Structure formats: structure tokens, C-alpha cells
Number of protein chains: 2
Amino acid sequence: MTLDSETKAVELPEDHAEELRLWLRLLTCTTLIEGEIRTRLRERFDVTLPRFDLMAQLDKAPDGMTLSDVSKRMMVSNGNVTGLVERLVDSGHLDRRTSETDRRVQVIRLTKLGRAEFRKMAAEHETWIADLFSELTPKDVRELMRLLAKTKGSAQNAVQRRQT
Amino acid sequence: MTLDSETKAVELPEDHAEELRLWLRLLTCTTLIEGEIRTRLRERFDVTLPRFDLMAQLDKAPDGMTLSDVSKRMMVSNGNVTGLVERLVDSGHLDRRTSETDRRVQVIRLTKLGRAEFRKMAAEHETWIADLFSELTPKDVRELMRLLAKTKGSAQNAVQRRQT
DNA sequence: TCCAAATGTTTTAAGTCTAAAATGTTTAGG
DNA sequence: CCTAAACATTTTAGACTTAAAACATTTGGA
């Protein structure tokens, strides 16, 4: 038995430099891609990324979503969604109404205009993503999907542990 | 030769659903981890993530950095850095001075207090990262590093192409 | 030398974001 | 039925963020 394995129990400072480097690289990739998508959305459609993201959620839910649903899906705070929705209602892209069965709940959905504009943006958006990832082989994509799924699970469990 | 390969030249709408799913998963992982780090920094040290990130950059540069350097490294706008630095100077964590050779340039560095506080936070931060990635094997980490490096390169080239 | 272009930073206006407190509504247990 | 807890949303205060314009300084030719 090595000294190392004996001393682990007393929580010697371990080296996690590799994980730290991995995190920074993950963050760099996301920031880089997010910034590029943001720029293209603004230049091509004069729309912000958060608005596009919110419309993307609603496009997948023809019957609408509650603000809480949206907030959980987008992983942003409730208050954030309130303001975002307000601006999109003002611009005619969203419809907001109080649930008939529970007056606490606001149900939002895309208007006809909102859906039409989103579909146009989404089509181009998909080509941008393809462009950004174009140097990855199908195998790279599959392997990244697998490893990121594992990463997501690991992170979710860590969050869970803290919240306990 | 298939119909598909013949028609590619006329830019039929291709399917990039896999890349889109990959992007969303990448974004989810980053958002999840970033949110957890943000929460822990606030609860444990009452500091925001952007401030921590800025101090992390400066910790690696004992001789200080210019605001432009910081802005490029953090991949945020110049104006963003101005405000961030201002608050950290006010709280005594940063020292800012005008370059003696070029009066346009502001050089910032950590104060003794700033460095001491950052080192304490960084030590815990590293254990949080290790915790968040703890279900990944060393091989997973290596493989992710490789694939994310490739992704970064691919994205950088796409940005380059648009800017041309 | 002069001055236009380049460079570094700050300012501005608007939007995004968070955590926490406040408000309104529903639900469940006594 | 009552009411405390739970739930959904909004409000608040402050920080962060961006793009674009403005400002200050330096640099590289003509």
C-alpha cells in the first residue's frame, strides 16, 4: 500500500487540475458558440438570444406553457421570464392568458406572427450550428453526446448532494 | 450515385438535428455547472462569478494585465470589464494604474487582499469542480478534452469565415 | 510635421439576470 | 369551514452584459 492511498482518508489536497482544465474548455466552447449565435441573430434578424430561446421552447409546445415550465426548461429565474415574456407580448410574438382552472398560473404561447418568425429564424439557426460544428465527424458528435450526457448526470447528482 | 449526393450541390435543406441536439446538450451542461458554481460562490464567499473569473485571470498574471487583455481572455465586451474592475477596485481587491509607456492603457492587478481572498476561494472552487465531474473517469476526461478542443477549433474557424 | 487611421478605454442605452421579498391563489389538515 | 403551508408569479434592487458611440492617445505614412 502506498503512502498516498493511506493518506487519502485525511483529505490531503488532491490534484484536480485536469477537471479544472476540462471545465474551462467546456466554458470556452459554449461562450464562443453562444457569442457567434448571438451576433448572427442580431445581424440577421435583430433579435436577442434569450428571446430566440424562449420562442424555441414555445414552438415545441403548441398548447402553451406556464411561466414556471419555461423557467425550469430554460434554467433561468422566474423573474427573468416575467420580463422576457412581457417584451415579447408587447412585440406581438406571444400571447399570455391566465389559466381558467388556476388563477395563479399564466399560460403563454406563440402567436401566429411569433411562430412564423421563429420558424424562419430556426431554419437558419440550424445551418449556423451545422457550420459551427462542421469539423466534427458523425462519430465525434455521437461520442460528445455520450460524454456530455454523462457529465450532465454527474453534475446533477452533485447539485442534488448539496441541496440535501 | 444516389439522388442525395447529386442534389447536395443545389443546397437542399439538410438535416442537422444531431448537431443541434449536441449544441443544446453542451449548453445545458455549461448552464448547470455555471449555476452551481455561482450559487456556491455566493453562499460560501458572497462573491459573484464574474468577479471570481476576473480575479482568476489576474492571479495568473503577477505583473498585471491591460483591460483589453482581460476582455479578450474572458471573452466579454470592453465596457463590461470597465464596470467589473471599478467595483473590484472599490472593494480593495484590485489595483488600477495607467501605463507609463502608453497613457491609453490601464494596467490592473490583484492587491495583496485580492490575491489572498482569491487563493482561498480557488482552493475550494477546485474541489467543487472535482465534485461536479466526479462520475467521469480519467479516460472520459481525456476524451472530452480532445473532442472539445476539436469543437473549439471548428467553431473558431466558423467565426473566422463569417468575419471574412 | 501633420493628420488620418488605429488602438484602448469609457460612456450610454437597453436588455438580461439573479436572489429575495412581496403578492395573490390554491390546497390540505384539523 | 379555517388557516397554515405550498405554489405561481411579480416586484425590487443590484449586478452583469452587449453594441455602439464617444473620447483619448498613439502610430504610420504622406
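The shown structure was predicted, so the numbers you read here are calculated from the model rather than taken from an experiment.

Conventions we followed
Residues numbered from 1 in each chain as written. Chains lettered and ligands numbered in written order. Predicted model: local features only at pLDDT ≥ 70, side-chain atom pairs only at ≥ 80, totals over all residues. Heavy atoms only, no water. Salt bridge = Lys/Arg side-chain N within 4 Å of Asp/Glu carboxyl O. Helix = DSSP H or I, 4+ residues; strand = E, 2+ residues; numbered from the N terminus. Near = heavy atom within 4 Å. Polar contact = N/O pair within 3.5 Å; in protein donor to acceptor, adjacent residues only side chain to side chain. Nonpolar A, V, L, I, M, F, W, Y, C, P; charged D, E, K, R; others polar.

Trainee: Go over the pattern of salt bridges, please, and point to the residues and values.
Mentor: In this structure the tally under the stated criterion is 24 salt bridges over all chains. Close ionic contact of Arg21(A) with Glu18(A) constitutes a salt bridge, the shortest N to O distance being 3.8 Å. Of this pair, Arg21(A) and Glu18(A) are both found in helix H2 (residues 17–45), 3 residues apart, which corresponds to roughly one turn of the helix. Linking Asp59(A) and Arg115(A) is a salt bridge whose minimum nitrogen-to-oxygen distance equals 3.0 Å. Remark: Arg115(A) occurs in helix H6 (residues 112–132) and Asp59(A) occurs in helix H3 (residues 49–59); sequence separation between them is 56 residues. Each member of the salt-bridge network shares a partner with another, and the members are Glu36(A), Arg40(A), Asp131(A), Arg161(B) and Arg162(B).

Trainee: Outline the protein's contact with DNA strand C, listing residues and values.
Mentor: Lining the immediate environment of DNA strand C, one finds 24 residues, of which Ser77(A), Arg87(A), Leu67(B), Ser68(B) and Asn78(B) sit closest. Protein-proximal atoms of DNA strand C, defined as those within 4 Å of the protein, fall in sugar or phosphate at a share of 80%. In this structure, a base oxygen belonging to DNA strand C sits 2.8 Å away from a side-chain N or O atom of Arg104(B). The separation between a phosphate oxygen of DNA strand C and a polar main-chain atom of Gln106(B) is 2.8 Å. Put simply, the parts of the chain that give the surface near DNA strand C at least two residues each are H3 and helix H5 (78–90) of chain A together with helix H4 (67–74) and helix H5 (78–90) of chain B. Counting residues per element, the surface near DNA strand C draws most heavily on H5(A), at 4 residues. For the surface near DNA strand C, the per-class residue count stands at 6 nonpolar, 10 polar and 8 charged.

Trainee: Explain the protein's contact with DNA strand D to me, and be specific about the residues and the numbers.
Mentor: In the neighbourhood of DNA strand D, 24 residues make up the surrounding shell, with Leu67(A), Ser68(A), Asn78(A), Thr48(B) and Arg87(B) lying closest. Between DNA strand D and Arg42(A) there is a distance of 3.5 Å, counted from a phosphate oxygen to a side-chain nitrogen or oxygen. Contact distances for DNA strand D include 2.8 Å between a phosphate oxygen and a side-chain N or O atom of Thr82(A). Looking at the surface near DNA strand D, the elements with two or more residues in it are helix H4 (67–74) and H5 of chain A together with helix H3 (49–59) and H5 of chain B. With 4 residues, the top contributor of residues to the surface near DNA strand D is H5(B).

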